[in-house]
Structures are given as structure tokens and as C-alpha cells.
Amino acid sequence: MEKRNIIDRNFVTLENIIKVQSEEEIYESIVNHFNLVNQATQASMQKFFKEFAYWGDLDIEKGIYDIYRNKAKFLKNRLKDIGWLYSRLKDAHSKFILYSIISNTYFFDFGNLAKCMDNKYYHYFDLDILPYCCNEVFVDLGAYTGDSIKDFIQTYGANSYKKIYAYEMTKANIQVLKNNLEIYTDIVVRDVAVGEKKGHIYYEENAVSSSANVVSKEGTNKVECVCLDEDISEKISIVKMDIEGAEKDAIKGMKNHIANDKPVLMLSVYHTNEDIVDIPLLIDSICKDYDYYLRYYGGAIYPTEIVLICVPKK
């Protein structure tokens, strides 16, 4: 008899519900479940999706539920890949997170999403996964104002790194970043974007937060773009990446570092519906020698701040 715990059983049950439905039926189910959510929460979600337009439009008064059509398409077309990721996750907590995200997508399951929130350690730096660091070359893509770098040093100590590279493309953040990190040594600040190829890109400023500025093909904010395989020649040991949907391009631009150095990867996987499966599949296509974990640092209503942590197999 196959051994399954309650997380496995719940995941398989939800998987089977989705599997037998058409995309249109999944969409109708999602909208029906959304309509059961209280109006204040619906209004809050609509406001959030207008401010952070990663996943699609929601306008309740006009009957526009494009965001949920996109969710239905993702669940129907990528269910096999979701199952693949579930099978590859290394611990029960990671599997519970993935189940809770899919259950929230389909049922608006706020309860399980709240249960899987990680607040024991600093964002990205889970000591149960990465218990210590020593003499690391740490690369922070999307360094913002230096918050993650300070958390890294706070978690592992001032002697935990040999060098830190901080990449930040938003002009308004760069001086704040430099000021926040001026007491530390051996930190290189690179005021460029990171992508698949060297060149230039544009970014659009988010009205709510400069941490959510998004790369675009055209716009008013032009910035130099580099790829890590060309920009860093030394061996990399840890990479944190939160670059608002440009993660896949950045990964493609550091294939050699991933294949040869096998750094620990801490990757945001929520800026598109597909990132949560596309990104681990991309990593797996470059290097098979990783174990996968999920950690969740978002809220209880809608799943953001999902982090995929890839650790080289021992």
C-alpha cells in the first residue's frame, strides 16, 4: 500500500478535482468560490490586483475576472508540472505550502495559507535548510535598499561572507542601498539590471512601491542590463533573486554559474502564475543536482512572497 500522510491525501484529492474539469469549469468554480468571500475582502483583493498587476484584471462591478481565467488556465494546463514539483519537494512543510497555494487558488482557502506562513527566521534565510554560512560569495539580485543583505549578515554573522554583490536597477533605491550598507566591507553595488543577455532594458515604476518596479520592453526608465555569467568571474555560492518577474531571464543568464558552481538559490516564484513551476523546471534543466524547498512569507489572503530554495545535493 502506498504511504500517504494527510498533506499527500489532501493534495491528491484536490489534484483529482481539477483533473476531471475543463478549463471553463475550473474558471466557473473559482469565480463561484470567490463570490462566497465577504465583500470587504473582495474589495481589498481588487485594490491589491490593481496596484500589483502581475496576474490579470479584476473588476467586480464590470464583471471582469480575467485574473481567474488566467488561474484556471494555469491549473488546467500545468497540473502535471504542479504534481512534478510536489514530488520533488524535500520536506513536508514545502509540500503543505504548495498544497495551500493551490487550495487558495481554487477554493480561496485562507485558513491553510495562514498556517503555512513562515515567521521563525528572516525572509529567505531558513536555518532549517541552510544552518550556517562561511566565506560565501553572496549575490543579491533585486537588492532594493539592502534589507536582505542585512538579514543575511544578521542571520549568519559578519564573517559569513567573502564578498557580496548587490544588484539594483532602480535609481531611487541605489543611494539608500549604499547608505544602508556603508558600515560593511567587501560589498559591490551594481546599479544595473540582470537578464539573459547584455544590453539595455526599461522598467516601469510602480505607484505603490519602488520594490515592485517591473522590467518592460519600452518606457521612460532605461537601464543597463548584464548577465551574471559575464559580469561575475569568480565562483558564486549563494544567490537571492527577487526581480519582479524577470527571474527566468536572469537564470538563463547565469546557466554556467548554476551548472558549474551549484550555488544555493533563493528565488521568488510568484510574479506570474507559471513561475512556481517554470522556475524549478528551468533549474532542473540546467542542473539535476538540487533539492527543492518552498517557503512562504506572504499573507493569509493571496499567496505572494513564495520562495523556492534550491540546495545542492550532498
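Our subject is the structure listed above.
In this report, the structure presented in the accompanying data block is examined. (Residues numbered from 1 in each chain as written. Predicted model: local features only at pLDDT ≥ 70, side-chain atom pairs only at ≥ 80, totals over all residues. Heavy atoms only, no water.)

### Remarks on the packing of helix α2 (residues 23-35) against helix α4 (residues 66-77)
Phase 1: One way to put it is that α2 packs onto α4 with a least axis distance of 8 Å and a crossing angle of 130°. With respect to each other, α2 and α4 are oriented oblique. Between α2 and α4 lies a crossing of right-handed hand. Where α2 approaches α4, its residues Glu 23, Glu 24, Ile 26, Tyr 27, Ile 30, Val 31 and Phe 34 are matched on the opposing element by Tyr 68, Arg 69, Lys 71, Ala 72, Lys 73, Leu 75, Lys 76 and Asn 77.
Phase 2: When the residues that make up the contact of α2 with α4 are grouped by side-chain class, the tally is eight nonpolar, one polar and six charged. (Axes fitted to C-alpha atoms, helices over the stretch in contact; angles between N-to-C directions. Helix = DSSP H or I, 4+ residues; strand = E, 2+ residues; numbered from the N terminus. Parallel < 35°, antiparallel > 145°, perpendicular 65-115°, else oblique. Left-handed = near helix turned anticlockwise from the far one by under 90°. Contact = heavy atoms within 4.5 Å. Nonpolar A, V, L, I, M, F, W, Y, C, P; charged D, E, K, R; others polar.)

### Some points on the layout of surface pockets
Over the atoms, a rolled probe matching the size of one water molecule traces out where space is still vacant.
Phase 1: Of the voids in this model, the second largest pocket is the one considered here, and its volume is about 280 Å³.
Phase 2: Taken together, 14 residues form the lining of the second largest pocket, with Ile 129, Leu 130, Pro 131, Val 311 and Lys 314 sitting closest to its centre.
Phase 3: Among the secondary structure elements, those contributing two or more residues to the lining of the second largest pocket are β10 (290-296) and β11 (306-312).
Phase 4: Within the lining of the second largest pocket, the residues separate by chemical class into 10 nonpolar, one polar and three charged. (1 Å grid on protein atoms, 1.4 Å probe; cavity = no way out; pocket = protein on both sides within 12 Å on 5 of 7 lines; lining within 4 Å. Points joined across faces, edges and corners; volume = space filled by probe spheres on them.)

### Observations regarding the side chain of Ser 29
Phase 1: With respect to the helices and strands, Ser 29 occurs in helix α2.
Phase 2: At 3.3 Å, the side chain of Ser 29 and the side chain of Gln 21 are in polar contact.
Phase 3: Among the polar contacts listed, one links the side chain of Ser 29 to the side chain of Tyr 106, at a separation of 3.2 Å.
Phase 4: Other than its neighbours up to four places away in sequence, Ser 29 contacts Gln 21 and Tyr 106. (Polar contact = N/O pair within 3.5 Å; in protein donor to acceptor, adjacent residues only side chain to side chain.)

Everything listed here is a matter of coordinates, which is why it stays silent on function.
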